[in-house]
Amino acid sequence: MDRLGKPTYEELEQRIKDLERADRERKQTEDALRESQAQYHLLVENQTDLVVKEGTDGRFQFVSPSYGELFRKTEEELLGKTFIPLVHENYRDHGFIAAVRKPYVISELSHALQKRK
């Protein structure tokens, strides 16, 4: 700082360099995040396992294409809905719902359904 409390030319130049470096790092991080997201979506959207993401209210926030195919519904028809209406009423009271909420059971169910095709 000079005697009036203003930054010197060298200090301003250093601040500009610091901001440029921070901007480059931010852009690299954003690029890496986009690449990671693209790889994730490629993996999830092209696998045969049933993948869903539910919110804390139990409503679907994401459904994989294979999940939609199983229930013969589009993604738009499933998002925002809950799992229970998709289950035939004969299975709603027999522990089926609790069982399929376990990830390994979903995978086994998906595998069994693939064998039936």
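What you are looking at is a predicted structure, and each value in this text was computed from that prediction instead of being measured. (Residues numbered from 1 in each chain as written. Predicted model: local features only at pLDDT ≥ 70, side-chain atom pairs only at ≥ 80, totals over all residues. Heavy atoms only, no water.)

J.: Where do I start with the overall build of the protein chain in this structure?
T.: Looking only at helices and strands, the protein chain has five helices and two strands in total. For the protein chain, the N- to C-terminal ordering of α and β elements is α-β-β-α-α-α-α. Taking all 117 residues of the protein chain together, 19% fall into the buried category. Carbon and sulfur atoms make up 53% of the accessible area of the protein chain, which amounts to about 9500 Å² in all. (Helix = DSSP H or I, 4+ residues; strand = E, 2+ residues; numbered from the N terminus. Buried < 20%, exposed > 50% of the residue type's maximum accessible area, 1.4 Å probe, protein only. Areas by Shrake-Rupley, 256 points an atom, 1.4 Å probe, with all protein chains shown as cover.)

J.: Would you take a moment to explain the pairing of strand E2 (residues 60–63) for this structure?
T.: Consecutive side chains of a regular strand alternate in pointing toward one face of the sheet and then the other. Pairing analysis gives three bridges linking strand E1 (residues 52–54) to E2, with the strands arranged antiparallel. Directly across from Glu54, in E2, lies its bridge partner Phe60. The antiparallel pairing of E1 with E2 creates a hairpin that spans five residues between the two strands, and Gly58 there sits at a positive phi of about 85°. (Pairing = 2+ DSSP bridges.)

J.: Please clarify how a negative patch on the surface should be interpreted in this entry.
T.: On the surface, Asp2, Glu10, Glu11 and Glu13 cluster together to form a negatively charged patch. The residue Glu11 is located in helix H1 (residues 9–45) in this model. (Patch = residues over 30% accessible without salt bridge, like charges linked within 9 Å, V, L, I, M, F, W, Y side chains within 5 Å. Salt bridge = Lys/Arg side-chain N within 4 Å of Asp/Glu carboxyl O. Lys, Arg positive; Asp, Glu negative; His and termini not counted. Charge placed at Lys NZ, Arg CZ, Asp CG, Glu CD.)

J.: Honestly, the pattern of salt bridges in this entry has me stumped. Any pointers?
T.: Note that side chains of opposite charge can pair when their charged atoms are close. The full count for this structure, using the stated rule, is six salt bridges. For Asp18, the salt bridge goes to Arg21, with nearest N and O atoms at 3.0 Å. On the criterion of helical spacing, the pair formed by Asp18 and Arg21 is a turn pair, its members being three residues apart in helix H1. Judged by its relative accessible area of 40%, Arg21 is partly exposed. Put simply, Lys27 and Asp23 hold a salt bridge, and the shortest N to O gap is 3.4 Å. Of this pair, Lys27 and Asp23 both sit in helix H1, four residues apart, which is roughly one turn of that helix.

J.: Help me understand the packing of aromatic side chains, please; the structure alone is not making it clear to me.
T.: Where two aromatic rings form a pair, the distance of their centres and the angle of their planes describe that pair. One pass over the structure, following the stated rule, counts two aromatic pairs. When the centroid spacing of 5.5 Å and the interplanar angle of 70° are considered together, the rings of Phe60 and Tyr67 count as edge-to-face. In terms of burial, Phe60 and Tyr67 fall into one category: buried. Taking the centre distance of 5.0 Å and the plane angle of 50° together, the rings of Tyr67 and Phe71 count as tilted. Taken as a pair, Tyr67 and Phe71 lie in helix H2 (residues 65–71) at a separation of four residues, close to a single helical turn. (Phe/Tyr/Trp six-rings, centres within 6.5 Å; stacked < 30°, edge-to-face > 60°.)

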